[in-house]
Amino acid sequence: MRISKSRISYLLKVYSDGKATTEEEQDLFKWVARRGKEVPIKKHIEELVSSYNSNEVLPTVDWEHLYQNIIEEKNSRNLQLALRKIIWPRWAAAAAALLMLGTGYYFLTTIHKERKNLSGIEQPKVNDIAPPNTVNAVLTLSNGQKIILDSTGNGMLAKQGSVNVIKLADGQIAYSGGSKEIQYNTLTNPKGSKVISLMLADGSKVWLNTASSLRYPTAFAGNERKVEITGEAYLEVAHNPAMPFIVSKGNTSIKVLGTHFNVNAYDDESLLKVTLLQGSVSLTAKGSRQPKMIEPGEQAQVNKNGHIQLTNSIDLNEVMAWKNGFFSFKGADIEGIMRQVSMWYNVEVTIEKPLHEKFYAEVSRNTSVSNLLQMLEATKAVKFKIEGKTISVMPPVSP
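Since the model is a prediction, treat every value here as computed from it, not as a measurement. (Residues numbered from 1 in each chain as written. Predicted model: local features only at pLDDT ≥ 70, side-chain atom pairs only at ≥ 80, totals over all residues. Heavy atoms only, no water.)

Topic: the pattern of salt bridges
So, step 1. With the rule as written, the count across this model stands at six salt bridges.
So, step 2. Between Asp315 and Lys330 there is a salt bridge whose closest N-O contact spans 2.5 Å. Here Asp315, found in the loop between strand 20 (308–311) and helix 7 (316–319), pairs with Lys330, found in strand 21 (residues 326–332); they are 15 residues apart in sequence, far enough to count as distant.
So, step 3. The class of Asp315 is buried, set by a relative accessible area of 15%. (Salt bridge = Lys/Arg side-chain N within 4 Å of Asp/Glu carboxyl O. Helix = DSSP H or I, 4+ residues; strand = E, 2+ residues; numbered from the N terminus. Buried < 20%, exposed > 50% of the residue type's maximum accessible area, 1.4 Å probe, protein only.)

Following this line, the structure appears as structure tokens:
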């Protein structure tokens, strides 16, 4: 079994964090057993730690004991705790990011305390771009009136027939009341805006990622609850067997009774992805002969021709990272990374030439763009240039 150094570094990280899947643990242990003591795992950990840039003194480590524990696959929890103390100590845990690439890998940390303002958002450097610190979403009412949510106070926003539209203290938009008259509202969350949440009239909750929108009725009537999505959203649907909840995007429909799931339906992505966390859903698409049922932990991937493929080899933490305030890249290419950067920081991105490296990283979305790009540059596989609101992606400079 051939495993790259980047894969080993990633396995060490998720294993030490207690987040490794069964498959990832097996890969790590099989690799160690195959390599034997000739190239002990301590070498990889030592290299990882040696790139840590800090004035702190790392503790002494009993590498042989640590390595033996891994080989014997014993005391797994004690080993996880030992690895946390050795590689990700308390004074670095909040800011640590592990980036792996090709034949090299880097353990990178940034201490943010002195550069944070009261809202917890980093102050940008010169020629830098700060992360979003407001919700710039726009609510379009049934009559076409637009309400910019960041400029409105809490409380009643509008009345749609007999339905009240309310902005709660936490910024969530909620609908209360009922009506037989069907009116539609659209919530649009543009690039460069924080995630916004919405409670529909039936109690279903929706979180909208940046560069996303949801069109929905102000009240539900009839025999179904139907909404339309662009971009990405996470939904927790209120259970109602008599009125199925349907999420549509183009020719693809997701039908649920009550469940938790994520929909990634950006137009510039090659696949529409539906990831189920709880409950069950059925998925239909143009070109599919019959609905596909999705089970918890599975992801349905729909290509441009409407072909549906199911997979359970996904990382739910990676799928939900955007909602939990992180960028999570696990084997991501630079194009995929920069699509997220473009939407979150509201910037234009130009890529001079294709890069074939894969990146692994988990970084807070509250970091400034320069910090994120510096972490990627530390892999020595890519260079960036920030000019105003444009980021250029370039191959590394040859030595």
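Thoughts on unusual backbone geometry
So, step 1. Of note, Ala211 is a non-glycine position whose phi angle comes to about 55°, a positive value.
So, step 2. Relative to the helices and strands, Ala211 is located in the loop between strand 10 (205–208) and strand 11 (212–217).
So, step 3. Residue classification places Ala211 among the partly exposed positions, given a relative accessible area of 24%.
So, step 4. Backbone geometry at Asn346 places phi at a positive 55°, although glycine is not the residue there.
So, step 5. In this structure, Asn346 sits in the loop between helix 8 (334–345) and strand 22 (348–351).
So, step 6. Overall, Asn346 belongs to the partly exposed group, its relative accessible area being 36%.

Details of the side chain of Thr275
So, step 1. By the element assignment, Thr275 lies in strand 16 (residues 272–278).
So, step 2. Here Thr275 falls in the buried class, since its relative accessible area comes to 1%.
So, step 3. For Thr275, the side chain forms a polar contact with the side chain of Gln299, separated by 2.8 Å.
So, step 4. Setting aside residues up to four positions removed in sequence, Thr275 forms contacts with Phe261, Asn262, Glu298, Gln299, Ile314, Leu316 and Val319. (Polar contact = N/O pair within 3.5 Å; in protein donor to acceptor, adjacent residues only side chain to side chain. Contact = heavy atoms within 4.5 Å.)

Observations regarding the packing of helix 8 against helix 9 (residues 369–377)
So, step 1. Contact geometry for helix 8 and helix 9: axes closest at 12 Å, N-to-C directions at 170°. Here helix 8 lies roughly antiparallel to helix 9, going by the angle between them. Two secondary-structure elements touch here, helix 8 through Ile337, Met338, Val341 and Tyr345 and helix 9 through Val369, Leu372, Leu373 and Leu376. (Axes fitted to C-alpha atoms, helices over the stretch in contact; angles between N-to-C directions. Parallel < 35°, antiparallel > 145°, perpendicular 65-115°, else oblique.)

A word on the sheet that holds strand 24 (residues 383–387)
So, step 1. Strand order in the open sheet formed by three strands is 22-25-24, and the pairing between neighbours is mixed. Looking at which strands have only one partner, the edges of the open sheet turn out to be strand 22 and strand 24. Direction aside, the axes of adjacent strands within the sheet are offset by 20° on average.
So, step 2. As paired elements, strand 24 and strand 25 (residues 390–394) share five bridges and run antiparallel to each other. Along strand 25, the bridge assignment pairs Glu387 with Thr390.
So, step 3. Of the strands in this sheet, strand 22, strand 24 and strand 25 touch helix 8, which is tilted by about 170° from strand 25.
So, step 4. On top of the sheet, helix 9 reaches strand 24 and strand 25; it is set at about 160° to strand 24, its chief contact. (Pairing = 2+ DSSP bridges.)

Points about the pairing of strand 6 (residues 163–167)
So, step 1. Among the five residues that make up strand 6, four are buried, leaving the element largely enclosed by the rest of the structure.
So, step 2. Of the strand pairs in this sheet, strand 5 (residues 155–160) and strand 6 are connected by five bridges, and their pairing is antiparallel. Counted as the bridge partner of Gln160 is Val163 from strand 6.
So, step 3. Between the antiparallel neighbours strand 5 and strand 6 lie two residues, among them Gly161 with a positive phi of about 65°.
So, step 4. Both strand 6 and strand 7 (residues 173–176) contribute to a ladder of four bridges, which runs antiparallel. Residue Lys167 lies in a different strand from strand 7, and its bridge partner there is Ile173.

Considering the nonpolar core
So, step 1. In terms of nonpolar packing, the biggest core is built from 44 residues, with Leu139 and Phe261 touching the most fellow members.
So, step 2. No other element matches the four residues that strand 12 (residues 225–236) contributes to this core.
So, step 3. The residues touching Phe261, leaving out its near neighbours within four places in the chain, are Ala233, Tyr234, Leu235, Val237, Val247, Ile254, Val256, Val274, Thr275, Leu276, Leu277 and Val281. (Core = buried A, V, L, I, M, F, W, Y, C linked by side-chain atoms within 4.5 Å.)

A short note on the packing of aromatic side chains
So, step 1. A complete count under the given rule lists five aromatic pairs for this structure.
So, step 2. When the centroid spacing of 5.5 Å and the interplanar angle of 40° are considered together, the rings of Trp207 and Tyr234 count as tilted. Of this pair, Trp207 sits in strand 10 while Tyr234 sits in strand 12, and the two are 27 residues apart along the sequence. For the pair Trp207 and Tyr234, a shared accessibility class is recorded, and that class is buried.
So, step 3. Ring plane angle 25° and centroid distance 5.9 Å describe the contact between Phe327 and Phe329, whose orientation is recorded as stacked.
So, step 4. Looking at Phe327, the relative accessible area reads 0%, which means it is buried.
So, step 5. Among the aromatic residues, those joined into a ring-pair cluster are Phe327, Phe329 and Tyr345.
So, step 6. Over the ring of Tyr184 we find Arg215, and its NZ or CZ is 4.1 Å from the ring centre.
So, step 7. Lying across the ring of Trp207, Lys323 places its NZ or CZ 4.5 Å from the centre. (Phe/Tyr/Trp six-rings, centres within 6.5 Å; stacked < 30°, edge-to-face > 60°. Lys NZ or Arg CZ within 6 Å of the ring centre and 35° of its normal.)

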